[in-house]
Amino acid sequence: MCIMEKDKKLRPLKIWEILRHETDEDHPMGTETLRAKLEECGYPCTRKTVYADIAMLNNNGYEIMCNRKISNEYYVADRSFDIPELQILMDAVQAASFITDKKTKVLVGKIAQLAGDKKAEVLQRNTVEFHTPKSDNEQIFYTVDKIGDAIEQRWQISFLYFDYDICHQRVYRKEKRRYVVNPLSTVFSNDNYYLMCYDDKHGNIGHYRIDRMEDMKIEYTPITETEESKKFDLSRHKRALFGMFNGEDAQVTFQADKSLVDHIFDKFGKDIYIAYGEGSSVVFTADVQVSKPFLGWCCSFGNMLKVIAPQLIADKVKEFLAAMAEQYK
């Protein structure tokens, strides 16, 4: 089949595209094979032209390796991501519940292609399905994109927000009236993707699951500037939350068995100060938001963790435990 010859100036970029997608250190491509592929794409050329184009690409930062033989073999080895890095990204996408099944397959395929065609096949064959319950909200990527635009341009946004009933049908909050908020950031937590925002009506920082948002719109109204939103520190705020539930801010001191040190660092970060207490215990103080998930966390380690101050919070833990015990009488 006769293929129309294309602009010769674009030939080096086609060489780079072919080698980047179809080769690696284990699968180099010979000069004649490369020439044949170029001709199929409308770029006929001689061996000397291939050598010259590859030399030009190397001189301009497009690194192409060469195995020197009777017929040289070329491959691209240096990529933006290593194979283990791509595997981690693919596993993260598989495990993320807010990404739909359909989009999971698309994203896993795109990530694998970053390794080139040959290794992409191996990566996808070795991908383990996590069987994570997935969202069915196909609008989530559109919503994330619009939230990003609104944050950058400092506009308010509005959206409908829903829960599911026992038949997995959407039940809209506020009788399907729109939420209007000032977006601050997005954050991934506990396998879900959240919008962090300032709510004018309630005068506080709130968070909403993005997969539960529908019909999100940019309002083109400038965001409300408040002292709380100006001083908002995402990393500090997230460490204080438990299960992404809001609660009263408090500084709480704990006594814990020293075997829980890893759990303490995992929850509150490496900068938390931990001191030795009596016997095999440690003592630390953390900023938290007192919610039911926080109270549940305090009880989750049994007698290995105890709130020792303030007494008001310790009393809340006692009340939480008493209510739980009452339920099982």
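Rules and cut-offs
Residues numbered from 1 in each chain as written. Predicted model: local features only at pLDDT ≥ 70, side-chain atom pairs only at ≥ 80, totals over all residues. Heavy atoms only, no water. Helix = DSSP H or I, 4+ residues; strand = E, 2+ residues; numbered from the N terminus. Buried < 20%, exposed > 50% of the residue type's maximum accessible area, 1.4 Å probe, protein only. Contact = heavy atoms within 4.5 Å. Areas by Shrake-Rupley, 256 points an atom, 1.4 Å probe, with all protein chains shown as cover. Phe/Tyr/Trp six-rings, centres within 6.5 Å; stacked < 30°, edge-to-face > 60°. Lys NZ or Arg CZ within 6 Å of the ring centre and 35° of its normal. Pairing = 2+ DSSP bridges. Axes fitted to C-alpha atoms, helices over the stretch in contact; angles between N-to-C directions. Parallel < 35°, antiparallel > 145°, perpendicular 65-115°, else oblique. Nonpolar A, V, L, I, M, F, W, Y, C, P; charged D, E, K, R; others polar. Salt bridge = Lys/Arg side-chain N within 4 Å of Asp/Glu carboxyl O. Polar contact = N/O pair within 3.5 Å; in protein donor to acceptor, adjacent residues only side chain to side chain.

Quick look at the overall build of the protein now. For the protein, the helix and strand inventory stands at 12 helices and 13 strands. Taking all 329 residues of the protein together, the buried fraction comes to 38%. In the protein, once contacts between residues fewer than 6 apart in sequence are set aside, the share between residues at least 24 apart is 66%. When the accessible surface of the protein is split by element, carbon and sulfur atoms take 52% of a total near 19800 Å².

With that out of the way, let us pick up the packing of aromatic side chains. For the coordinates displayed, the defined rule picks out 17 aromatic pairs. Their ring planes at 40° and their centres at 6.5 Å tell us that F254 and F268 sit as a pair that is tilted. Of this pair, F254 sits in strand β10 (residues 248–257) while F268 sits in helix α10 (residues 261–268), and the two are 14 residues apart along the sequence. Accessibility classification places F254 together with F268 in one group, the buried group. One aromatic cluster is present, formed by F254, F268, F284, F294, W297 and F301 through successive ring pairs. Geometry around Y179 places K174 over its ring, the cationic atom sitting 4.2 Å from the centre.

Now for the sheet that holds strand β13 (residues 305–309). Taken together, the 4 strands give an open sheet; going across it, the order is β11-β12-β10-β13, and neighbouring strands pair in antiparallel fashion. Unpaired on one side and paired on the other, β11 (274–276) and β13 mark the two borders of the sheet. Put simply, the sheet's adjacent strands are angled 35° from each other on average, direction ignored. Packed onto the sheet, α10 meets β10, β11 and β12 (281–290) and runs at close to 25° relative to β12.

Packing of helix α1 (residues 11–22) against helix α3 (residues 47–59) leaves a shortest axis separation of 10 Å and a crossing angle of 80°. Put simply, α1 runs roughly perpendicular to α3. Residues R11, P12, I15 and W16 of α1 form the contact with α3, whose participating residues are T49, D53, I54, M56 and L57. The class makeup of the residues in the contact of α1 with α3 is 6 nonpolar, 1 polar and 2 charged.

Overall, the coordinates contain 15 salt bridges when judged by the stated rule. Note that R47 is salt-bridged to E32, the shortest N-O span being 2.7 Å. Residue R47 is found in helix α3, and its partner E32 is found in helix α2 (residues 31–40); the two are separated by 15 residues along the sequence. Overall, the relative accessible area of 37% leaves E32 in the partly exposed class. The network of salt bridges with shared partners includes E32, R35 and R47.

Turning to the side chain of N192, a few remarks are in order. As for its position among the elements, N192 is in strand β7 (residues 192–199). Residue N192 is classed as buried on the basis of its relative accessible area of 10%. The residues touching N192, leaving out its near neighbours within four places in the chain, are S97, F98, V187, R209 and D211.

This part covers the side chain of N182. Relative to the helices and strands, N182 resides in strand β6 (residues 179–189). For N182, the side chain forms a polar contact with the side chain of D200, separated by 3.0 Å.

Strand order in the open sheet formed by 3 strands is β1-β3-β2, with antiparallel pairing between adjacent strands. The sheet is open, and its two edges are formed by β1 (29–30) and β2 (65–67), each paired on a single side. With 2 bridges connecting them, β1 and strand β3 (residues 73–75) associate as antiparallel partners. Paired with M29 across the strands is Y74, a residue of β3.

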